[in-house]
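Below, each chain spelled out in residue letters.
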Amino acid sequence: MSLVGAIVWTTIGSVVGALTLYWIGALVGVERLRLIAERMPLLDAADVDKSVGWFDRHGEKAVFFGRMVPLVRSFVSIPAGVQRMNLLRFTLLTGLGSLIWNSVFIVAGYQLGRRWYLVENVTGPMQKVVVVVLAILIIWWVVRRVRARRARDAQSPEAHGSREPE
């Protein structure tokens, strides 16, 4: 396969995968997402509303730059679908971000030839750092959420054994 062919086909594959997740998000929709969040131990409908607001403000940047961040590159398509981001704009931003990401790796591999494994020596540690940072942020968020919920529960009348008269 040619260099250009490899770049074109990997980018097409990225876009097709992103569109699939976009449509899953569109099928779920905001209302179902709120219902799902209410049933999850660490989430509630307000979290969905905050996320929707954030995506409304930063969605285009998230879709474009998210294509270059491990884990994010897949999942950013779901909120784009939930929010019904303009499909043409979503596809263009996804295509451009994926084109850049794919091109960097394919051209690096092409330039390195049989020494392609050297790319992994650079990107492997970088990807691990991103994953570790994301894991730390998720753990921090869970701890914060659990503490806030315990504090809220401790202040509620039910937590103190008092009940409203029947």
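Quantities reported herein were computed from a predicted structural model and do not represent experimental measurements. (Residues numbered from 1 in each chain as written. Predicted model: local features only at pLDDT ≥ 70, side-chain atom pairs only at ≥ 80, totals over all residues. Heavy atoms only, no water.)

### Details of the side chain of Thr94
Mapped onto the secondary structure, Thr94 falls in helix 5 (residues 87-112). A relative accessible area of 1% places Thr94 in the buried class. Contact partners of Thr94, with chain neighbours within four places excluded, come to Ser14, Val15, Ala18, Val63 and Arg67. (Helix = DSSP H or I, 4+ residues; strand = E, 2+ residues; numbered from the N terminus. Buried < 20%, exposed > 50% of the residue type's maximum accessible area, 1.4 Å probe, protein only. Contact = heavy atoms within 4.5 Å.)

### Section: the environment of Trp101
Summarising the element assignment, Trp101 is placed in helix 5. The exposure class assigned to Trp101 is partly exposed, which follows from its relative accessible area of 22%. As for Trp101 and Ile7, which are separated by 94 residues in sequence, their C-alpha atoms are 9.6 Å apart. What Trp101 contacts, discounting residues up to four positions off in sequence, is Arg67, Met68 and Arg73.

### A look at the side chain of Ser77
With respect to the helices, strands and loops of the structure, Ser77 is situated in helix 4 (residues 77-82). Discounting residues that sit within four places of it in the chain, Ser77 has contacts with Ala18, Leu21, Tyr22, Arg67 and Phe90.

### Points about helix 2 (residues 45-66)
Taking 1.5 Å of rise per residue, 22 residues should cover 32 Å, yet helix 2 covers just 24 Å from first to last C-alpha, more than 12% shy of that figure. Along helix 2, the sharpest change in direction is near 80° and occurs at His58. What helix 2 keeps buried is the set Ala45, Asp47, Val48, Val52, Gly53, Phe55, Gly59, Ala62, Val63, Phe64 and Gly66. (Expected span 1.5 Å × (residues − 1). Bend = angle between axes of the 7 residues up to and from the residue.)

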